Amino acid sequence: MIWDQVEFQLSAKKRGVHLVTREVMEHLPAIAHIDIGLMHLFILHTSASLALNENADPTVRHDVEKHLDVLVPENAPYYKHTYEGPDDMPAHIKSILTGNQLTIPIRKGRLALGTWQGIYLCEHRDWAGSGRRLIATVQGKGQGNNS
Amino acid sequence: MIWDQVEFQLSAKKRGVHLVTREVMEHLPAIAHIDIGLMHLFILHTSASLALNENADPTVRHDVEKHLDVLVPENAPYYKHTYEGPDDMPAHIKSILTGNQLTIPIRKGRLALGTWQGIYLCEHRDWAGSGRRLIATVQGKGQGNNS
Amino acid sequence: MIWDQVEFQLSAKKRGVHLVTREVMEHLPAIAHIDIGLMHLFILHTSASLALNENADPTVRHDVEKHLDVLVPENAPYYKHTYEGPDDMPAHIKSILTGNQLTIPIRKGRLALGTWQGIYLCEHRDWAGSGRRLIATVQGKGQGNNS
């Protein structure tokens, strides 16, 4: 039984939806040693989120972002939490709707993603601050003697 | 410690929200051997999704589908990803909002679902294509000598 | 390898979004013995849900609730599932959008939450009934000799 846990920081991203599968995988060499398992990815923030969707056409990420802006507008008259800027409260709500964690199967040393699936980092704030911090927890039955 | 992982295909479903608890469970005999554990269910697609909700009255599934259609309309003027049909981009967004994975507790050889909970397959595309592929990963402490 | 599973009931909550991190943790002493692991939290209901978001300012919870009411209004003309009251069908849809489960990393005997993250119980029904039931499943590599 293998357990591995790593906390790491993504590079800073501007507001929008970003494909980060490759950037995340650089931090997860333990996956290669697992025959059957799970990878849990967790974002340590409340105004950015994780999702899993189409990995090929950037217009999908564009449209996801635009539609989230429509579903959760800035400056709604009933918002009380306004002192961190007009993008802040929508960021919290978008994070809840899209989610802050993913669990993905591991099979024979690789993430068992569908052909068109990739990991999205959804940055809901306007800032150009530092990158978001994630914790990845990898567990599973090892290959060969490790089982 | 038991680990089991199976990839399987659901029967083809038309657009809408479908109760699939029984169909999923047919592929998961390993659950019966687990005393305490978790079942992770993952859909290998980006235009269909999984959810957990009311298992009794089909009108709940009808209303969920209708309201998702209102929340994520076809032909929004800002969609750029339009070349796969008007149902495609909304399908991606609905998948992100509802989610592509479930983790459900296992207790004494059974899924520990609430009385009214069932597994939903949300088919967001119009097609009458082939069934959706899922990966189920079952892990836990075995009953009796297996613990 | 440690596995622990506990079913417990939260105190009754009125309609709204509630911070329950402390109340949940009272039921999870097993976490203290885990070096690397995961805590899975599951709600056994279809009209209340779990989320993870800002743990400091109550106005965030207020605004989340208000905006969910806008996203999923009562008495939509296409709802067919109406016989359990006007708050019932929106409660099911809100539960699907926000989710009924959380998985949170465990590190060195504690939940590895971000500084601003807390567990939300989202009560979508008007009732003043009994508290919601949850199942928490804790697993991981033990500290010291337990590993």
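1. Examining the overall build of chain A
Within chain A one finds 3 helices and 8 strands. Its helices and strands taken in sequence order, chain A reads β-β-α-β-β-α-α-β-β-β-β from the N to the C terminus. Seen through its principal axes, chain A has C-alpha atoms that stretch 60 × 30 × 25 Å. Taken across its 147 residues, chain A has 61% of its residues classed as buried. Restricting the contact set of chain A to residue pairs at least 6 apart, pairs at least 24 apart contribute 83%. By element, 50% of the accessible surface of chain A is carried by carbon and sulfur atoms, the whole surface being about 5600 Å².

2. Notes on the interface of chain A and chain B
Across the contact, 36 residues belong to chain A and 29 residues belong to chain B. Taking both partners together, chain A and chain B bury about 2800 Å²; carbon and sulfur atoms supply 63% of that area. Joining chain A to chain B, the criterion identifies 1 salt bridge. We note a salt bridge from E7 of chain B to R107 of chain A, for which the minimum N-O separation is 2.6 Å. Linking chain A with chain B are 16 residue pairs in polar contact (both at pLDDT 80 or more), by the criterion used here. Elements with a minimum of two residues in the side of chain A that touches chain B: β3 (34-43), β4 (48-54), α2 (58-71), α3 (88-98), β5 (101-107), β7 (117-123) and β8 (133-142) of chain A. The leading source of residues in the side of chain A that touches chain B is α2 of chain A, at 10 residues. Within the side of chain A that touches chain B, the residues separate by chemical class into 19 nonpolar, 11 polar and 6 charged.

3. Details of the relation of the copies chain B and chain C
Least-squares fitting of chain B to chain C yields an RMSD of 0.0 Å, with the transformation described by 0.0 Å of translation along the axis and a rotation of 120°. The transformation relating the two chain copies, once decomposed into turn and shift, fits a three-fold axis. Among all residues of chain B, the minimum C-alpha distance to the rotation axis is found for L97 of chain B, at 3.3 Å.

4. A look at the interface of chain B and chain C
For an interface, size is often stated in terms of accessible area lost upon the parts coming together. Each partner contributes residues to the interface: chain B has 36 residues there, and chain C has 29 residues. Roughly 2800 Å² of surface becomes buried between chain B and chain C when both sides are summed, with 63% attributable to carbon and sulfur atoms. Contact with chain C buries surface across chain B, with I36, D63 and H67 of chain B losing the most and accounting together for 19% of the total. Where chain B touches chain C, the interface holds 1 salt bridge.

5. Focus on the sheet that holds β5 of chain A
Whenever strands of a sheet pair, they do so through backbone hydrogen bonds, lying parallel or antiparallel. Residues and elements named next belong to chain A. Taken in spatial order, the 5 strands line up as β1-β8-β3-β5-β6 in an open sheet, and their pairing is antiparallel. Both edges of this open sheet fall to β1 (2-9) and β6 (110-111), since each of them pairs with a single strand only. Relative to β5, β3 is paired through 7 bridges, and the arrangement is antiparallel. Residue pairing across strands places L38 opposite P105, the latter belonging to β5.

6. Remarks on helix α2 (residues 58-71) of chain C
The α-helix advances 3.6 residues per turn, and as a result positions three or four apart in sequence lie on the same side. Taking 1.5 Å as the rise per residue, α2 of chain C with 14 residues should run 20 Å; its terminal C-alpha atoms sit 20 Å apart, in good agreement. Within α2 of chain C, burial applies to T59, V60, R61, D63, V64, H67, L68 and L71 of chain C.

7. Side note on the packing of helix α2 (residues 58-71) of chain B against helix α3 (residues 88-98) of chain C
Where α2 of chain B contacts α3 of chain C, the two axes come as close as 10 Å, and the packing angle between them is 65°. At the point where α2 of chain B passes α3 of chain C, the crossing takes the right-handed sense. Between α2 of chain B and α3 of chain C, the residues in contact are V60, D63, V64, H67, L68 and L71 of chain B and M89, H92, I93, I96 and L97 of chain C, respectively. For the contact of α2 of chain B with α3 of chain C, the residue count by class is 8 nonpolar, 2 polar and 1 charged.

8. Digging into the environment of W3 of chain A
Structurally, the position occupied by W3 of chain A is in strand β1. When its relative accessible area of 8% is taken as the criterion, W3 of chain A is described as buried. Considered as a pair, W3 of chain A and P73 of chain A are 70 residues apart in the sequence and their alpha carbons are 41 Å apart. Those residues within four positions of W3 of chain A in sequence are excluded, and the remaining contacts are T137, V138 and Q139 of chain A together with M1, I36, G37, L38, Q139, G140 and K141 of chain C.

9. Comments concerning the packing of aromatic side chains
Residue and element names in this part refer to chain A. Applying the stated criterion to the full structure yields 3 aromatic pairs over all chains. Between Y78 and Y79, the aromatic rings sit 5.5 Å apart at their centres with planes inclined by 80°, giving edge-to-face as the arrangement. One residue, R125, lies across the ring of W127, its end atom 5.9 Å from the ring centre.

10. Here we look at the state of the cysteines
Considering all chains together, one arrives at 0 disulfides over all chains under this definition. Considering cysteine sulfurs only, C122 of chain C is the nearest to C122 of chain A, which forms no disulfide, with 19 Å between them.

11. Comments concerning α3 of chain C
Among the 11 residues in α3 of chain C, 11 count as buried, and that is most of the element. Phi turns positive, to about 105°, at G99 of chain C, one or two residues after α3 of chain C.

12. As for the environment of M25 of chain B
Residues and elements named next belong to chain B. On the secondary structure map, M25 appears in helix α1 (residues 21-25). M25 gets classed as partly exposed once you look at its relative accessible area, which sits at 27%. With 86 residues separating them along the chain, M25 and L111 place their C-alpha atoms 9.2 Å apart. The residues touching M25, leaving out its near neighbours within four places in the chain, are I31 and L111.

13. As for the sheet that holds strand β7 (residues 117-123) of chain C
Residues and elements named next belong to chain C. Taken together, 3 strands build an open sheet; the order of strands is β2-β7-β4 and the sheet is antiparallel. Strands with a single pairing partner mark the edges of an open sheet, and in this sheet they are β2 (16-19) and β4 (48-54). Sheet twist, expressed as the mean angle between neighbouring strand axes with direction ignored, is 30°. Each of β2, β4 and β7 is contacted by α2, which is oriented at about 150° to β2, the strand it contacts most.

14. Concerning the confidence of the model for chain A
Overall, the predicted model of chain A reaches an average pLDDT of 95, with 97% of residues at or above 70. Predicted complex metrics record ipTM = 0.96 and pTM = 0.97.

15. Remarks on the side chain of Q117 of chain A
Structurally, Q117 of chain A is set in strand β7. Since its relative accessible area comes to 3%, Q117 of chain A is described here as buried. With near-sequence residues (within four places) excluded, Q117 of chain A lies in contact with L52, N53 and N55 of chain A together with F42, I43, L44, H45, T46 and N100 of chain B.

Criteria and cut-off values
Residues numbered from 1 in each chain as written. Chains lettered and ligands numbered in written order. Predicted model: local features only at pLDDT ≥ 70, side-chain atom pairs only at ≥ 80, totals over all residues. Heavy atoms only, no water. Helix = DSSP H or I, 4+ residues; strand = E, 2+ residues; numbered from the N terminus. Buried < 20%, exposed > 50% of the residue type's maximum accessible area, 1.4 Å probe, protein only. Contact = heavy atoms within 4.5 Å. Areas by Shrake-Rupley, 256 points an atom, 1.4 Å probe, with all protein chains shown as cover. Buried area = accessible area lost by both parts, 1.4 Å probe. Salt bridge = Lys/Arg side-chain N within 4 Å of Asp/Glu carboxyl O. Polar contact = N/O pair within 3.5 Å; in protein donor to acceptor, adjacent residues only side chain to side chain. Nonpolar A, V, L, I, M, F, W, Y, C, P; charged D, E, K, R; others polar. Least-squares fit on C-alpha atoms with pLDDT ≥ 70 in both. Pairing = 2+ DSSP bridges. Expected span 1.5 Å × (residues − 1). Axes fitted to C-alpha atoms, helices over the stretch in contact; angles between N-to-C directions. Left-handed = near helix turned anticlockwise from the far one by under 90°. Phe/Tyr/Trp six-rings, centres within 6.5 Å; stacked < 30°, edge-to-face > 60°. Lys NZ or Arg CZ within 6 Å of the ring centre and 35° of its normal. Disulfide = S-S within 2.5 Å. pLDDT = per-residue confidence, 0-100.

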